[in-house]
Each structure stands twice: as C-alpha cells, then as structure tokens.
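# Coordinate analysis (summary)
One letter stands for each residue in the lines below.
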Amino acid sequence: MTTKKARETLPQHPMETLLRSERLPHIWCSGCGIGTVLGSVMAAIQKSGYDQDKIAVVSGIGCTARMAGYIRLDSFHTTHGRAIPFATGLKLARPEIKVLVISGDGDLLAIGGNHFIHAARRNIDITVICVNNLNYGMTGGQLGPSTPFGAKTTTSNSGCPEEPFNFCYLASACGAVYVARWTTLHIRRVTNSITEAMQKRGFGFVEVLAPCPTSFGRRNKIGNALDTLKFYHERSVIRNDIDPKDAPMDFSSHIVLGKFVDTERPTFIDNYQQACRGQMSDWPDIGSKVTPGNQAGQ
Amino acid sequence: MANKAVLTGTYFMNGDYACCEGALASGCRFFAGYPITPATEIAERMSRRLPELGGIYIQMEDEIASMAAILGASWGGVKAMTSTSGPGFSLMMENIGFGICTETPCVICNVQRAGPSTGLPTLVGQGDMMQARWGSHGHYEIIALCPSSVQEMFDFTIRAFNLSEQYRIPVIIMADEVIGHMNERIVIPPEAEIELVERRKPAAPPGDYLPYHPDADWVAPMANCGDGYRIHITGLTHDERGYPVMDADTQAQMVNRLIQKIQSNRDTIIRTENIYLDDAEVVVVAYGISARSAKQAVREARACGVRAGLIKLETVWPFPEKLIRDVATRVRALIMPEINAGQMVLEVERCAGGACPVKLVSHFGGSIIHPRTILDAIKDSIKIKGK
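Residues numbered from 1 in each chain as written. Chains lettered and ligands numbered in written order. Predicted model: local features only at pLDDT ≥ 70, side-chain atom pairs only at ≥ 80, totals over all residues.

### Section: the overall build of chain A
Of regular secondary structure, chain A possesses nine helices and eight strands. The C-alpha radius of gyration of chain A comes to 21 Å, within 12% of the 19 Å expected for a compact globule of 298 residues. Expressed as a percentage of its 298 residues, the buried residues of chain A come to 52%. Sequence separation of at least 24 residues holds for 65% of the intrachain contacts in chain A that already meet a minimum separation of 6. (Helix = DSSP H or I, 4+ residues; strand = E, 2+ residues; numbered from the N terminus. Rg over C-alpha atoms; globule rule 2.2 N^0.38 Å. Buried ≥ 20, exposed ≤ 12 C-beta atoms within 10 Å, placed from the backbone. Contact = placed C-beta atoms within 7 Å.)

See the structure below:
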C-alpha cells in the first residue's frame, strides 16, 4: 500500500488535528526521543483543555526545535538560543495566549542560557520544555552544557572535560515556579508535568532526558535507543519534592527524576501591574523603624 | 502630560524623546530594550510612558533578547520597537535578519555613536550606515531612514512604523548622537492629522491562507498569532505555506520576493529633500546631522554666488539610485560629508558612475562636520571644469 493510499484508508490518528501531517515524515533519526516528547506535548495540549487557537509554540534551533514545524498550532521556529526572549515578547504582547517554549539543551541553556535565567527570574508566564539529549545532535554530536563529564562527543574525543549543568537546580534557583525532570521512558509523567506546568501561572520548566542514538549513544557505552531506555529504566529514581540541588544526573549510579518545584509567586505581569500601573511604596519598604537596640550586630 | 498617546502641542524636546513620542503616536505599545548611550533616553521615556498607555516596557538582559522580544510582540499583533547604539546594534543583527526573513514589522532606532567597538560612547558618529544595509548575513533589502532634526525624529519614527507595517519588514531609524541629544522645537500634530498604516490582514479563511503568498505589491497579508490561522514561522528558507524547503528553487523564490517587495516599491519608499537642485552646479549629498551642516554650507555658498544644491537623504536604504544617477550627469561634482571614513559615498560613486567627480568630506567621529569644511569642498569643486 502506498503512503498516500494508506492515508486515505486508515482511520485518522488521534493527534491528527494537532499535527501538520502534510510535513511528515519528520527529520528525526530512528530511535530519537524527540518524537516521544512531541506525543506528550500534544497529549498535554489536549488534556489541558485550552483553546488551541490560543496556544503558541516557540522554539530555537536544533533537532528539538524542529518540533514547532510539526505541531498544527501557531508555531515559531526562531533563532538559535532566542526562543525564550521571543516568547517573552509574544506573551507580554498577548497575555491571553498560552506560550510553550520547546527546545533542546544546547539551545536553551548554552547559547540561550542568559535568557533562560532571566525569564525564570522575571517569572514570565511561559512553559519551557527542554529535551535533553546530552549533546548537539543536529550538528553531528558536539559537547554541550549537559554533556556528562567524560562522555565522548565529536568535540571531546577522549571524554568531555567539562562538568554539566543541573538544569532543574538552575531553574529552581532562578525562580521557576514549576520544575520537573523525566525521561522519554516516563511518558505519562512527562504528559502530566507539561499539563501541570501549562496550567500554572509563571515560569514552568520540564526537562525530558531523551536518547540520541545517532550522535551521542553510539560514541558512548549507552548504546542504541532501546539500550538507552533500558539504562533509564535501571538507573532512574523518582524523588518528588526534593530540592533539585540534591537531584543530580549521575549516570554512573542514579538519574534522579521527579517533580521538584511546584510553588506560587507573582508573575512579571502581576508585578508590572503593581509597580508600573499601581501604587508602589518607596524602596526599600522598611516595615518597623530601625532603632539602635535592634540593629544588626548590636 | 496626562494619559495620552499623542501629546499634541509644541515642545522643546530632545531627539530621543521625540523618537519615543513618534512611536507612541504610531500606536507602538511594546518596547524591549537595553540601556546604551546615547539611546538610553528613548528607553527611559518609554518606561514612563508605556505603562500608563496600557503598553509594556521591558528591559531585557541584552540587545539580542530585546530584538527577539520585539519580533515576538509583533507576531502577537502589537506594534513594537527597540532602540540602541553601535555595540547593541551589532548584537541585534542576527535577529534583524530573522525579522527580514519572516517578514516581521518592527522598528529599531540606532542612535549612532563613533566606533569601532566601544569607541566614543557619548560622541557622534555615522559609522553604522553600511551595517544597517549589510549587517545581517545573507542577501536582503532593508529600509533605513535618517532624521536630521528633532522634528524628523518624531516624523520619521511614525514613517518607520508605517513602512514596517506596509512592507512587513524591520525598519531602521539611523539617528546619531547629536540628533538624539539635541533639544529643538518640535510640533506634535493633532491625532487626527497623523496617518497610520496597519498591516494587511488575510482575506482568506484559515484553511486557505498561505502566510507567504504575496499580493500584487509583493507583500503577503499577515495573520497574527492567536487569530486562528495556526501559522508556522521559520527563519529557514520557506515556501508560501511558511514551511521549510531546502532547495535552490525555493531559496530563489523567497529571496527574490524579499528583494522585490522593496525594490518594486522604491519610488514610494525613497524620499529626499532637494534644495536648490534645479540650477545647481555642485550638489552636496548628505544625511543625518551632516545634512544640517551641509544645508548651512550650501546657503553660504549661494550667498557667495556659487550655485550649490543639496540632496538630503531621508531614506538612505533603499538608496536613491535614480536621482543620484540623474543629478551626476548635470553637475560639476557631488560632495558627500559623513562622519565615517566613507560609507554612503560608495553608493554615490557607484550611481554617479564616473559622470562627475565625487568628493568625500570625511570625519572619523567625535564631533560634527563644520559647515565651513563643506563650504571649502564646494568652492574647490567649482574649479572643476563645468559641463
């Protein structure tokens, strides 16, 4: 049966309305984890119940960033590292639109790292989904800010000489109100976390560890896609609600997963409303008068 | 100065503030920026004025983010701008290219200071003229306007927004430190007298709409995010659907249209102010603050009985090729004063095509070109054998 004929005769895929199916087949390699995350993103969008005409997807550059081109929503495939500031402008201009940023680890946290920390600090009301495949896949497998110390890449032939970021710890330290980490093995939890992060007001961050057999796996002992998923299965430990600084990804022992942060804090718009359009008291707002008796150091 | 977007009246104001007021009068309601001398006053005034008008001022972490944010805001359907100077302008280049490729209306005001690098942060320069034209990678057309007074900072900012909305392109206001910091009389007209252009909306329903299918003027109608069209926007080479297509034919079609939509509309985009041109035997071509010096020099030359004329470039990109080509055939010489080592003069030379000598009056930056220097150049040119 030809592909065209198959399309005519087979029942519609449940995600058909959310997919730009005319753009398939996609560009991702066999065994890549990004498609799994795309499935979770679409499931979360359906589950969230938001008006799909009012959801936008913004991505940067890289394998994961191509996801924006396959989702049938307003979707913006922007420049390398700049998905978050683009999304910031879009969200502030049109607050009624739910904005998802979906990109890779190199895009969001190397070239885009500065924007990531400031958007979290400002508590911009966007959901950031990072597919972490531990390397730059699209350019053929170079080391990135997530590459584990010692891992082999095309720019670290004898092992990565750098320590990676703990993205969840970074997001939490910068003020994200929702922080979770899963792997592509934990599809249901990924979907739930994306849904929860979308429903939350403020900067939500969901990290999804994903296999990259073509660029990363084959150069390291982690192997092909199935081997990688088995590795996740063996090494994953779910520790919800712990401080993400205590949740490292130590591939030699345990990969700590979980929902680490789920809190509330005024968003950029809330604070802007108060500071720029409302009544703000003088800064610093010192409550009780400081007297010599209660001064620090006395 | 109550809660009003258009502050109709007569003021004594600096150029940076006038730019800000022009933007607000144009309907700009989003500003993302980063402080940099000598453009900071635009951001400062925006931060005060925008919240009360229901708009957003956000100070981003750098100029890269500022440029990305205004593109995002523009796709949200809000007129957006940023302002900067040389170092920040350099940082914006990649996303200006993204704005060009995705055809995103927005305005960038570059209040030029002297470079290269940190250069003279507080002093005037005109060294970013070629960067405005060619600074982002790849081939494209751009629109850049050059104000030479505080009034023009206001007027040209409105024009910049109108052109950006009409042609779906980032428009650059190439101001300079003196224009930005100089205080002059400015008249802000009544709101009803300000003509505004809004981006063309799609006539087709969501299923039939092709985001990059142009109308007869080469410009495609623009659906905003959230309008129900479910657009896909990418900086990759894309077809009329907006979908990436990696081949030479699509590249040719896309780039050709990016060029044609400006080139085929150049007669409406290009504006110059021509003074004493009809009988001129020497013509000064100038822009920005140097056009003020040039105007004075031309007047003084006329007072001495020298038939000098002036072409003040209001639109610098696209360059007024036809006018320069035409004038070059009937004058003894063309003179171009500019505060750089010779940038726009290359365009003048190209268009003159050897029909007359082209003389550069160059200043490397830090102060304006004195009218007397230009006057001397005019007088020297008179000695050139006439036509």
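### Some words on the nonpolar core
One broad trend across soluble globular proteins is that nonpolar side chains are buried collectively. A:Val58, A:Leu90, A:Val101, A:Ile129, B:Phe30, B:Val284 and B:Leu334 are the most contacted members of the largest nonpolar core, which has 213 residues in total. Here this core gathers at least three residues from each of two domains, domain 1 (9-193) and domain 2 (273-382) of chain B. Excluding residues within four positions of it along the chain, A:Val58 makes contact with A:Ala68, A:Phe76, A:Thr78, A:Ala83, A:Phe86, A:Ala87, A:Leu90, A:Val99 and A:Val101. (Core = buried A, V, L, I, M, F, W, Y, C linked by C-beta atoms within 7 Å. Domains from an automatic or database assignment.)

### Observations concerning the environment of A:Asp107
All names here are of chain A. Mapped onto the secondary structure, Asp107 falls in helix H4 (residues 105-111). A tally of 32 C-beta atoms within 10 Å means that Asp107 is categorised as buried. Sequence separation of Asp107 and Arg82 is 25 residues, and the distance between their C-alpha atoms is 8.0 Å. Aside from chain neighbours lying at most four places away, what touches Asp107 is Gly60, Ile61, Gly62, Ala65, His80, Gly81, Ala83 and Gly112.

### Remarks on helix H5 (residues 113-122) of chain A
Taken as a whole, H5(A) has its buried residues at A:His115, A:Phe116, A:Ala119, A:Ala120 and A:Arg122. Viewed end-on, H5(A) has its buried residues packed into an arc of 165 degrees, placing them on one side of the element. Close packing links the buried residues of H5(A) with helix H3 (83-93), H4, helix H6 (167-174) and helix H9 (268-277) of chain A together with helix H3 (63-75) of chain B. Following H5(A) by one or two positions, A:Asn123 has its phi on the positive side, about 55 degrees. (Arc of directions from axis to C-beta.)

### With respect to the interface of chain A and chain B
Residue-level contacts link 29 residues of chain A with 36 residues of chain B. When residues of the side of chain A that touches chain B are traced back to their parent elements, those giving at least two are strand S2 (74-77), H3, H5 and H9 of chain A. Top element by residues in the side of chain A that touches chain B is H3(A). It accounts for eight residues. Taken together, the residues of the side of chain A that touches chain B sort by class into eleven nonpolar, ten polar and eight charged. (Nonpolar A, V, L, I, M, F, W, Y, C, P; charged D, E, K, R; others polar.)

### Examining the packing of helix H1 (residues 15-25) of chain B against helix H2 (residues 40-52) of chain B
Residues and elements named next belong to chain B. Following both chains from N to C, one finds H1 and H2 inclined at 45 degrees, their axes separated by 8 Å at the closest point. As summarised for this structure, H1 and H2 are arranged oblique, according to the angle between their axes. In the crossing of H1 with H2, the sense of the turn from one axis to the other is right-handed. In this structure, H1 contributes Asp16, Tyr17, Cys19, Cys20 and Leu24 to the contact, and H2 contributes Glu41, Ile42, Arg45, Met46 and Arg49. Its residues placed into classes, the contact of H1 with H2 shows six nonpolar, no polar and four charged. (Axes fitted to C-alpha atoms, helices over the stretch in contact; angles between N-to-C directions. Parallel < 35°, antiparallel > 145°, perpendicular 65-115°, else oblique. Left-handed = near helix turned anticlockwise from the far one by under 90°.)

### Side note on helix H8 (residues 248-263) of chain B
Residue and element names in this part refer to chain B. Compared with the 22 Å implied by 1.5 Å per residue over 16 residues, the 22 Å span of H8 between its first and last C-alpha is a close match. When H8 is considered as a whole, its buried residues turn out to be Leu258, Lys261 and Ile262. For H8, the secondary structure elements touched by its buried residues are helix H4 (86-102), strand S7 (143-145), helix H6 (150-167) and helix H9 (266-269). (Expected span 1.5 Å × (residues − 1).)

### Overview of the domain arrangement of chain B
Residue and element names in this part refer to chain B. As far as domains go, chain B holds domain 1 (9-193) and domain 2 (273-382). Put simply, the middle of domain 1 and the middle of domain 2, counted by C-alpha atoms, are 26 Å apart. Residue-level contacts link 23 residues of domain 1 with 22 residues of domain 2. Every element with two or more residues in the side of domain 1 that touches domain 2 is listed here: strand S6 (120-124), helix H5 (129-134), S7, strand S8 (170-176) and helix H7 (177-181). Among the elements that take part in the side of domain 1 that touches domain 2, H5 stands out by supplying four residues, more than any other. The residue makeup of the side of domain 1 that touches domain 2, split by class, is 16 nonpolar, four polar and three charged.

### Description of the environment of B:Gly365
Residue and element names in this part refer to chain B. By the element assignment, Gly365 lies in the loop between strand S16 (358-362) and helix H13 (371-382). Along the sequence, Gly365 and Gly125 sit 240 residues apart, while their C-alpha atoms lie 4.7 Å from each other. In contact with Gly365, not counting residues within four places along its chain, are Ala114, Leu120, Leu123, Val124, Gly125, Gly127 and Ile339.

### Some details on the sheet that holds strand S15 (residues 333-338) of chain B
Residues and elements named next belong to chain B. Reading across the sheet, the five strands line up as S11-S13-S12-S15-S16 and stay open at both edges, with mixed pairing between neighbours. The outermost strands of the open sheet, each flanked by one partner alone, are strand S11 (272-275) and S16. The average undirected angle you get between the axes of adjacent strands in this sheet is 20 degrees. Pairing geometry for strand S12 (residues 282-286) and S15, over three bridges, is parallel. Across the sheet, Val284 pairs through a bridge with Ile335, a residue of S15. The strands touched by H13 are S12, strand S13 (308-313), S15 and S16; relative to S15, the strand with the most contacts, the crossing angle is about 165 degrees. (Pairing = 2+ DSSP bridges.)

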